[in-house]
Amino acid sequence: MDAIEVEGLKKRFGIVEALREVSFRVEHGSATGLLGPNGAGKTTTMKILVGLLKPTGGRATVLGMDPWREGHKVRQRVGVLHEKPSYPKGVSVRRLLEYAVRIRGLDHTEVSRVTRLVGLAEVSSRRVGALSRGYLQRLGLALAIIGEPEVLLLDEPTANLDPAARIEILNLIDTLKRELGVTMLISSHIIPELEPLCDSAIFIAEGRVLDYGTLEELARRHGTEAYILLEAERPRELASKLISLDFVRSVEVDGSLIRVRVLPGSLEEAEIEISRAKGSYRLRVLSSGRAGLLDLYGRVVGGETPGENLRVPVGGAG
Amino acid sequence: MRPLARISEYLSVALGRYSYGMALAALAAAAVSGVMSLSDAVGQMVKTPGATPRPAIEAGLMFSHLAFGMVSMSMAGLLAGELASEALFHLSLPVRREEYALAWLLTAVWVPLVLEIVSPAVPLAILDPRLITGIAVGPMVLRAAEDSLMFSTILWSALLKRKGVVTAYGLTAVLFLPAIVGLVLAITGVIWGAPPAALRLIFYILPATTGTMMGGLAQVSDGAALIVCGSLAIVSQLGLVFWFRNRLEVS
């Protein structure tokens, strides 16, 4: 059984159909991006998964449980960060974390652990109402990871943050992913941000899932693939050798330049194969790479690609 | 963690900053309503020395009803505000929706109700515990049933997530309703001699208020009024818990 299973999910608010027919699965241990334009139904899906909204139709299970009927059990094992959270403003950061720790039936040492992990120690005695947006988002993350949940639902974790705070939060999520190894479902409409974090994606628009799967599956289905750009002597001879390899989809020759398109997931294999021919053809690899989330988004969702100019380096900044 | 511990923990965070204000309001209301019943008891002691005084606490209860009605309204207003914002945070934790309902019933109905009923009697007990035995229980029980229903309907109005609606409804129910009822009963009394059958329903829904205004003229047995009003209060409160459990969505 997958960590999250959603089948034919529908949600209506009055006359507005927020979700029309949403179906997807999220595997245990994966980091999945829930991607779509504003108003696509990402937040509604997240809220249904944590038991805050009741679906109008269809079925959703999280860790094998119905979030609406067994919401408290789901929330015991799932951490959530909302897009626009509102916390009691009069209490201190530490008191709020203690409250969440006690509600989960955990020891108070958990407060120190999450405070340290997300970098809240220096503001732990400050009132929640006095925190900056960046620290509020850190607080949201701290609340979400209390008790080491099996699943993390992060709804627009970088929304309304300045670039510096955005990089900090993305780095934090990256650290959590590596250190805790939890299943993550991260929604965003700024696609490039999620590129380094996600290994799977769900594309959603107008309340419908357009496609979902691992990035390699999606790339295969939508004709985006990895590529290697070479420069070599006797390029046509080399091209005829390369095209015979199983994982090569196409080879284009332009003067001394060769563009090799390979199946997604076969990039490393192709690079090894090409390096063997290095001596014979005096070749030089100019560039290589995989089709990114942004390309996939463009192909699956189409229209204006959101956040195209917002490439954020993850892992570099502190 | 057990449900009661979760409710207590939740309330300590949700209402922490209001607790001193609430305690002060309760103390002030208890003091005033206590003085009102106390003056009646002392008056009886002076008139008939030696006899056991039977303090009439209706006046104290009426004041207490107004004071704690305001407290209940304020608490329901807090729920309305929270449902529009912070409920998203609280209900994202492993808290059951019915526990959330019970926490607010406790805050906006049961605690104000207990304080309202007890406060006129406490000063009597402090002065002389024997005075308590002289208090007629009937008016207290009717007041408890009526306000249990009224406070829970104020809490229902909080589900609209608008403090203004709660305030408007709360003021109408607690402050203006007794005056409106008195006026209507007086007018119908003058015109027809007795209220028409449809209006007699008021005697069952507001037994304490109409009882204080009309005394024996209400022509409704206390027992019948208690059963009707008490049943409505139970249905209203169970309905709230049921609604929270099955319908409360936070967006």
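The rules behind each value
Residues numbered from 1 in each chain as written. Chains lettered and ligands numbered in written order. Predicted model: local features only at pLDDT ≥ 70, side-chain atom pairs only at ≥ 80, totals over all residues. Helix = DSSP H or I, 4+ residues; strand = E, 2+ residues; numbered from the N terminus. Rg over C-alpha atoms; globule rule 2.2 N^0.38 Å. Contact = placed C-beta atoms within 7 Å. Axes fitted to C-alpha atoms, helices over the stretch in contact; angles between N-to-C directions. Parallel < 35°, antiparallel > 145°, perpendicular 65-115°, else oblique. Left-handed = near helix turned anticlockwise from the far one by under 90°. Nonpolar A, V, L, I, M, F, W, Y, C, P; charged D, E, K, R; others polar. pLDDT = per-residue confidence, 0-100. Pairing = 2+ DSSP bridges. Domains from an automatic or database assignment. Core = buried A, V, L, I, M, F, W, Y, C linked by C-beta atoms within 7 Å. Buried ≥ 20, exposed ≤ 12 C-beta atoms within 10 Å, placed from the backbone. Arc of directions from axis to C-beta. Right-handed = clockwise from strand over helix to strand, strands pointing away.

Draft legend 1. Examining the overall build of chain B more closely. Of the regular secondary structure elements, chain B holds twelve helices and zero strands. Along chain B, helices and strands appear, N-terminal first, in the series α-α-α-α-α-α-α-α-α-α-α-α. Against the globule reference of 18 Å for 251 residues, chain B gives a C-alpha radius of gyration of 20 Å, in line with a compact fold. Reported as C-alpha extents along the three principal axes, the dimensions of chain B are approximately 60 × 45 × 30 Å. Partitioning the intrachain contacts of chain B with sequence separation of at least 6 by distance along the chain shows that 80% fall at a separation of at least 24.

Draft legend 2. Spatial organisation of the packing of helix H5 (residues 133-144) of chain A against helix H6 (residues 163-180) of chain A. Residue and element names in this part refer to chain A. The interhelical angle for the contact between H5 and H6, taken along N-to-C directions, is 15°, at an axis separation of 10 Å. Accordingly, the angle class assigned to the pair H5 and H6 is roughly parallel. The interaxial crossing formed by H5 with H6 has right-handed handedness. For the pair H5 and H6, contact is made by Arg133, Gly134, Gln137 and Leu141 and by Ala165, Glu168, Ile169 and Leu172, respectively. Looking at the contact of H5 with H6, its residues break down into four nonpolar, two polar and two charged.

Draft legend 3. Highlighting the environment of Leu197(A). Residue placement: Leu197(A) occurs in the loop between helix H7 (191-194) and strand S8 (200-205). Separated by 20 residues in the primary sequence, Leu197(A) and Lys177(A) have C-alpha atoms spaced 8.1 Å apart.

Draft legend 4. Quick look at the interface of chain A and chain B. Counting residues at the interface gives 22 residues for chain A and 20 residues for chain B. Elements with a contribution of two residues or more to the side of chain A that touches chain B: helix H2 (71-77) and helix H3 (93-103) of chain A. Residue contributions to the side of chain A that touches chain B peak at four residues, all from H3(A). Class assignment of the residues belonging to the side of chain A that touches chain B gives a composition of eleven nonpolar, six polar and five charged.

Draft legend 5. Geometry of the confidence of the model for chain B. Looking at chain B as a whole, the pLDDT averages 86, with 95% of positions reaching at least 70. As scored by the predictor, the complex reaches a pTM of 0.84 and an ipTM of 0.84.

Draft legend 6. Up close: the pairing of strand S2 (residues 16-26) of chain A. All names here are of chain A. Here seven bridges tie strand S1 (residues 4-13) to S2, and the two strands are oriented antiparallel to one another. Across the sheet, the residue bridging to Lys11 is Leu19, located in S2. Here S1 folds back onto S2, and the loop between the two strands holds two residues, one of which, Gly14, carries a positive phi near 60°.

Draft legend 7. Up close: the domain arrangement of chain A. Structurally, chain A comprises domain 1 (4-219) and domain 2 (225-290). On a C-alpha basis, the centres of domain 1 of chain A and domain 2 of chain A stand 41 Å from each other.

Draft legend 8. Highlighting the nonpolar core. Membership of the largest hydrophobic core comes to 140 residues, with the highest contact counts inside it found for Leu153(A), Ala201(A), Phe203(A), Ala76(B) and Leu155(B). At twelve residues, the largest contribution of residues to this core is made by helix H3 (residues 58-83) of chain B. Core analysis: the next-biggest nonpolar cluster, separate from the first, contains 14 residues, Ala226(A), Leu242(A), Ala270(A) and Leu283(A) among them.

Draft legend 9. Representation of the packing of helix H5 (residues 97-118) of chain B against helix H12 (residues 222-247) of chain B in the model. All names here are of chain B. For the pair H5 and H12, interaxial distance at closest approach is 8 Å and the crossing angle is 145°. When you trace H5 past H12, the crossing you get is right-handed. Only Gln237, Leu240, Val241, Phe244 and Arg245 of H12 make contact with H5, whose side of the interface consists of Arg97, Glu98, Tyr100, Ala101, Leu102, Leu105 and Val109. Here the residues of the contact of H5 with H12 are counted per class, giving eight nonpolar, one polar and three charged.

Draft legend 10. How the structure looks around the sheet that holds strand S10 (residues 226-231) of chain A. All names here are of chain A. The sheet built from four strands is open, its strands ordered S11-S12-S10-S13 with antiparallel pairing. The open sheet terminates on both sides in strands that have one partner only, identified here as strand S11 (248-254) and strand S13 (284-289). Averaged over all pairs of adjacent strands, the angle between their axes in this sheet comes to 15°, without regard to strand direction. For S10 and S13, the ladder comprises five bridges, and the chain directions are antiparallel. Looking across to S13, one finds that Leu230 is bridged to Val285. Lying over the sheet, helix H9 (residues 235-242) contacts S11 and strand S12 (257-262), oriented at roughly 175° with respect to S11. With respect to the sheet, helix H10 (residues 267-276) is in contact with S10, S11, S12 and S13, its orientation differing from that of S10 by roughly 20°.

Draft legend 11. Representation of the environment of Glu231(A). Residue and element names in this part refer to chain A. The residue Glu231 is located in strand S10 in this model. Taking the C-alpha atoms as reference points, Glu231 and Ala270, 39 residues apart in sequence, are found 15 Å from one another. Those residues in contact with Glu231 that lie beyond four places of it in its chain are Ser256, Leu257, Leu283, Arg284 and Leu286.

Draft legend 12. How the structure looks around helix H4 (residues 109-118) of chain A. Residue and element names in this part refer to chain A. Among the residues of H4, those classed as buried are Val111, Val114, Thr115 and Val118. Viewed along the axis of H4, the buried residues span an arc of 105°, placing them on a single side of the element. Exposed positions of H4 whose direction lies more than 90 degrees from the buried face are Thr109 and Arg116. Packed against the buried residues of H4 are H3, H5 and H6. Immediately downstream of H4, the backbone of Gly119 shows phi near 75°, a positive value.

Draft legend 13. Quick look at the pairing of strand S7 (residues 183-188) of chain A. All names here are of chain A. Among the six residues that make up S7, six are buried, leaving the element largely enclosed by the rest of the structure. The alternating pattern of S7 places Thr183, Leu185 and Ser187 on one face and Met184, Ile186 and Ser188 on the opposite face, and all of these are buried. As paired strands, strand S3 (residues 31-35) and S7 are joined by five bridges and run parallel to one another. The residue of S7 that forms the bridge with Leu35 is Ser188. A crossover links strand S6 (residues 151-155) with its parallel partner S7, the connecting element being H6, and its sense is right-handed.

Draft legend 14. The arrangement of helix H1 (residues 42-49) of chain A in detail. Residue and element names in this part refer to chain A. Buried residues dominate H1, accounting for eight of its eight residues. The complete set of buried residues in H1 reads Lys42, Thr43, Thr44, Thr45, Met46, Lys47, Ile48 and Leu49. Positive phi appears at Gly51, one or two residues downstream of H1, with a value of about 85°.

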